[in-house]
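Coordinate analysis (summary)
One letter stands for each residue in the lines below.
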Amino acid sequence: MAEKIGIQVKDKFCLTLEEASHYFGIGEKKLRKLVHDNLDTGFVIQNGVKIRIKRQRLEQFLNALLSI
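Note that the coordinates shown come from a computational prediction; the quantities given were computed from them, not determined experimentally.

This paragraph deals with the pairing of strand E2 (residues 44–47). Inspection of the sheet shows E2 paired to strand E3 (residues 50–54) by four bridges, in the antiparallel sense. Its bridge partner lying in E3, Asn 47 is registered against Lys 50. Linking E2 to E3, which pair antiparallel, is a turn of two residues; within it Gly 48 sits at a positive phi near 70°.

Another point: helix H4 (residues 55–64). Of the positions making up H4, those classed as buried are Arg 55, Leu 58, Phe 61 and Leu 62. Projected down its long axis, H4 shows its buried positions confined to an angular sector of 125°, all on one face. For H4, exposure combined with an orientation more than 90 degrees from the buried face picks out Gln 60, Asn 63 and Ala 64.

At a closest axis distance of 9 Å, the pairing of helix H2 (residues 17–24) and helix H3 (residues 28–37) adopts a crossing angle of 110°. Regarding the angle of H2 to H3, the classification is roughly perpendicular. Considering the relative orientation of H2 and H3, their crossing is right-handed. Mapping the contact onto sequence places Leu 17, Glu 18, Ala 20 and Ser 21 in H2 and Glu 28, Leu 31, Arg 32 and Val 35 in H3. In the contact of H2 with H3, the residues fall into four nonpolar, one polar and three charged.

Analysis parameters
Residues numbered from 1 in each chain as written. Predicted model: local features only at pLDDT ≥ 70, side-chain atom pairs only at ≥ 80, totals over all residues. Heavy atoms only, no water. Pairing = 2+ DSSP bridges. Helix = DSSP H or I, 4+ residues; strand = E, 2+ residues; numbered from the N terminus. Buried < 20%, exposed > 50% of the residue type's maximum accessible area, 1.4 Å probe, protein only. Arc of directions from axis to C-beta. Axes fitted to C-alpha atoms, helices over the stretch in contact; angles between N-to-C directions. Parallel < 35°, antiparallel > 145°, perpendicular 65-115°, else oblique. Left-handed = near helix turned anticlockwise from the far one by under 90°. Contact = heavy atoms within 4.5 Å. Nonpolar A, V, L, I, M, F, W, Y, C, P; charged D, E, K, R; others polar.

Keep in mind these numbers describe shape, not what the thing actually does.
Pasting the structure below:
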């Protein structure tokens, strides 16, 4: 739906795992592991089985890391 409206990934508040993988240049498997290991850090939103990533929070989290 966002593609129909024309919202760019860089302007979205929440990203799907696929969008976040492309945006951050991290593989989906690695991103899933990152999400699973850091559910309490504030960049993950879960709605049942759907996972959304808060883009700005993940940026801040990744900036603080030295390696993934």
